[in-house]
Amino acid sequence: MTIWDTLTGRQSASTQTPPPASEPHDNFSPAPFDPSTAIQQPSDFILDPTQLHPLAGLNQDTLDYLQLEDSVLSDLPGSQSALPSRGWSDDLCYGTGISYLSALTVGGAWGLAEGLQKNPASMPPRLRINGVLNAVTRRGPFLGNSAGVVAMVYNGINSTIGYYRGKHDTTNSVLAGALSGAVFKSTRGVRPMAISSGIVASVAGSWALFRKVYFESE
């Protein structure tokens, strides 16, 4: 068919040029501008600052879980403290967190003083800063972690004793401190256990007396 088409001058269907496609027509006609529709009230441009709060738009029922009602607080005698508590879980969180942060701060200050003492000012500044930071990070986390572990054990034992005795008093705190200190050093031998037990019991007894004088008397 290709040779015959060449001799006769006839074009095959495959070589015929397709007709040009029709161009699309846009029938959109813009609406006339009305100046009256562009006028807005000044209040539409003023933003209420209260709507920028993360809890804006939440009703009171949604925020009930953020409030501690008096009816859900612990009613055991002697359970009043610096922060409202609903029971052993709150005591565990508060006690562990405060103990960890306090010991971390004290350990950091101890490491800072130690680092400045062991690295004199005659050293190159970069080496001195490195030595001071090493001392801070060595002492701070060590004391913070140790105090956090002791506080966790102490609050667990103290809450258990208070549950069975039906009250929280100085005896509970001293006994819980002695047991938690002994457990903390239980792998080091009898003498380290006794020393740790005495230290933690003394700190717990001091805190119990402080709480009794300043919080339970109110």
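Source: prediction; values computed, not measured.

(A) Structural context of the packing of aromatic side chains. Evaluation of the coordinates by the stated rule reveals one aromatic pair. Taking NZ or CZ as reference, Arg-139 lies 4.3 Å from the ring centre of Trp-110, over its face.

(B) Here's a closer look at helix α4 (residues 170-184). Taking 1.5 Å per residue as the helical rise, α4 with its 15 residues ought to reach 21 Å, and the 21 Å between its terminal C-alpha atoms agrees with that figure. Of the residues making up α4, those classed as buried are Asn-172, Ser-173, Ala-176, Gly-177, Ser-180, Gly-181 and Ala-182.

(C) Focus on the side chain of Asn-158. Residue position: Asn-158 is located in helix α3 (residues 125-165). Owing to a relative accessible area of 9%, Asn-158 belongs among the buried residues under this scheme. Discounting residues that sit within four places of it in the chain, Asn-158 has contacts with His-168, Asn-172, Ser-173 and Ala-176.

(D) Up close: the side chain of Asn-172. Summarising the element assignment, Asn-172 is placed in helix α4. The class for Asn-172 is buried, based on a relative accessible area of 1%. Discounting residues that sit within four places of it in the chain, Asn-172 has contacts with Asn-158, Ile-161, Gly-162, Arg-165 and Lys-167.

The rules behind the values
Residues take numbers from 1 onward in each chain, read along the sequence in its written order. Totals for whole chains, interfaces and linings use all residues, but because this is a predicted model, local features are given only for residues with pLDDT of at least 70 and pairs of side-chain atoms are given and counted only at 80 or more. In computing side-chain properties, one takes all heavy atoms of the structure into account and sets aside hydrogens as well as water. Only Phe, Tyr and Trp rings are paired, with Trp represented by its six-membered ring, and only when their centres lie within 6.5 Å; those with planes under 30 degrees apart are stacked, over 60 edge-to-face, the remainder tilted. Here, a charge over a ring means that NZ of Lys or CZ of Arg falls within 6 Å of the ring centre while also lying within 35 degrees of the ring normal. Secondary structure elements are defined from DSSP: runs of H or I of at least 4 residues count as helices, runs of E of at least 2 residues count as strands, and each element is numbered from the N terminus. Between the first and last residue of a helix there are one fewer steps than residues, each counted as 1.5 Å, and that sum is the expected span. Each residue's exposure class comes from its accessible area (1.4 Å probe, protein chains only) as a fraction of the maximum for that residue type: buried when under 20%, exposed when over 50%, partly exposed otherwise. Residue contacts are defined here by distance: any two heavy atoms, one from each residue, within 4.5 Å place the two residues in contact.

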